[in-house]
Amino acid sequence: MSMRVLGIDPGFDRSGFAVLEKTPENKTGLLFSECFETSRALPFFDRLHAVCDRLRHHIETQKPECIALEKLFFSKNKKTAMNVSEMRGAVILVARDHGLPVTEYGPSTIKSSIAGDGRAGKETITRMIHRLLPLDQKKRYDDEYDAIAISLTHLFASRGSLLRKS
């Protein structure tokens, strides 16, 4: 049985999107990923709208069966935390409007799932993603890698088995 998941690392400056698919043969591949940036010149509500429009586009074109989302990690900057929280709420609303289930994973769960250590750093996560998935050599931002890691975490949790490169 195949499964297609859209992982999202929501933000108002940059949002990571990644679609992974696991085939009936237990092979996993990256179908799509991007780091979507909004203009800092735009008001926050316009940036929120732009991310939601981008999400709608990915749902319609990539046809995921579910959404995996990173839980909010509270930072010292309350304004940033509030904006990210609002972005997450909008993302969840768009997903539910499309009838897609949403599953959330905390940062330590994602790190543990990918690297075996809930305190792993970004470099370790990136290195492990390259070991787990066949990826092209395009430059990717941290937000994009985070979305890939979130998607992988969901596939691990949903199937309970190790992935093999395609």
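Right above here is the structure, for reference.
Here the structure is a predicted model, which means the values were calculated and not measured.

1. A short note on the overall build of the chain
For step 1, the next point in the chain: From N to C terminus, the chain includes 5 helices and 6 strands.
For step 2, the next point in the chain: Each helix and strand of the chain, ordered N terminal to C terminal, gives the series β-β-β-α-β-α-β-α-α-α-β.
For step 3, the next point in the chain: Here the chain has a C-alpha radius of gyration of 15 Å; the compact-globule value for 166 residues is 15 Å, and the two agree.
For step 4, the next point in the chain: For the chain, the spread of C-alpha atoms along the three principal axes comes to 45 × 35 × 30 Å.
For step 5, the next point in the chain: Per-residue burial for the chain yields a buried fraction of 47% across its 166 residues.
For step 6, the next point in the chain: About 8,700 Å² of surface is accessible on the chain, with carbon and sulfur atoms providing 52% of the total.
For step 7, the next point in the chain: Computing the positive centroid from 26 side-chain charges and the negative centroid from 21, the chain places the two 5 Å apart.

2. Some words on the pairing of strand 2 (residues 14-22)
For step 1, the next point in the chain: With 8 of 9 residues buried, strand 2 lies mostly within the body of the structure.
For step 2, the next point in the chain: The pairing of strand 1 (residues 3-9) with strand 2 spans 7 bridges and is antiparallel. Bridged to Val5 within strand 2 is Leu20.
For step 3, the next point in the chain: Following strand 1, the chain reverses through 4 residues before pairing antiparallel with strand 2.

3. A look at helix 1 (residues 44-62)
For step 1, the next point in the chain: Between its first and last C-alpha atoms helix 1 spans 27 Å; for 19 residues at 1.5 Å apiece the expected length is 27 Å, and the two agree.
For step 2, the next point in the chain: Those residues of helix 1 that fall on the buried side of the exposure criterion are Phe44, Arg47, Leu48, Val51, Cys52, Leu55, His58, Ile59 and Gln62. Each buried residue of helix 1 sits inside an arc of 135° when the element is viewed along its axis, so together they form one side.
For step 3, the next point in the chain: Tucked inside the fold, the buried residues of helix 1 contact strand 1, strand 2, strand 3 (27-37) and helix 2 (78-97).
For step 4, the next point in the chain: Of the residues one or two after helix 1, Lys63 is the one with positive phi, at around 55°.

4. A look at helix 2
For step 1, the next point in the chain: In this model helix 2 runs 28 Å from its N-terminal to its C-terminal C-alpha over 20 residues, within 8% of the 28 Å that 1.5 Å per residue would give.
For step 2, the next point in the chain: Of all the positions in helix 2, only Ala81, Asn83, Val84, Met87, Arg88, Ala90, Val91, Val94 and Ala95 are classed as buried.
For step 3, the next point in the chain: Among the structural elements, strand 1, helix 1, strand 4 (66-70) and strand 5 (102-105) are those in contact with the buried residues of helix 2.
For step 4, the next point in the chain: In the segment just after helix 2, Gly99 is the residue with positive phi, at about 75°.

5. Focus on the side chain of His154
For step 1, the next point in the chain: Within the fold, His154 resides in helix 5 (residues 142-159).
For step 2, the next point in the chain: Not counting residues within four places of it along the chain, the set of residues in contact with His154 comprises Met3, Val5, Cys66, Ala68, Thr103 and Tyr105.

6. Side note on the side chain of Asn83
For step 1, the next point in the chain: For Asn83, the location among the structural elements is in helix 2.
For step 2, the next point in the chain: Using a relative accessible area of 13% as the deciding quantity, one classes Asn83 as buried.
For step 3, the next point in the chain: Excluding residues within four positions of it along the chain, Asn83 makes contact with Phe12 and Phe44.

7. Focus on the nonpolar core
Nonpolar side chains in soluble globular proteins tend to end up buried together.
For step 1, the next point in the chain: Ranked by internal contacts, the top residues of the largest apolar core, which has 25 residues, are Leu20, Ile114, Ile129, Leu133, Ile148 and Leu152.
For step 2, the next point in the chain: Here the element with the most residues in this core is helix 5; it accounts for 8 residues.
For step 3, the next point in the chain: Apart from residues no more than four positions distant in its own chain, Leu20 is found in contact with Met3, Arg4, Val5, Thr28, Gly29, Leu30, Leu133, Ile148, Ser151, Leu152 and Leu155.
For step 4, the next point in the chain: Of all hydrophobic cores here, the second largest spans 21 residues; its members include Ile67, Leu69, Val84 and Met87.

Thresholds, definitions, all that
Residues numbered from 1 in each chain as written. Predicted model: local features only at pLDDT ≥ 70, side-chain atom pairs only at ≥ 80, totals over all residues. Heavy atoms only, no water. Helix = DSSP H or I, 4+ residues; strand = E, 2+ residues; numbered from the N terminus. Rg over C-alpha atoms; globule rule 2.2 N^0.38 Å. Buried < 20%, exposed > 50% of the residue type's maximum accessible area, 1.4 Å probe, protein only. Areas by Shrake-Rupley, 256 points an atom, 1.4 Å probe, with all protein chains shown as cover. Lys, Arg positive; Asp, Glu negative; His and termini not counted. Charge placed at Lys NZ, Arg CZ, Asp CG, Glu CD. Pairing = 2+ DSSP bridges. Expected span 1.5 Å × (residues − 1). Arc of directions from axis to C-beta. Contact = heavy atoms within 4.5 Å. Core = buried A, V, L, I, M, F, W, Y, C linked by side-chain atoms within 4.5 Å.

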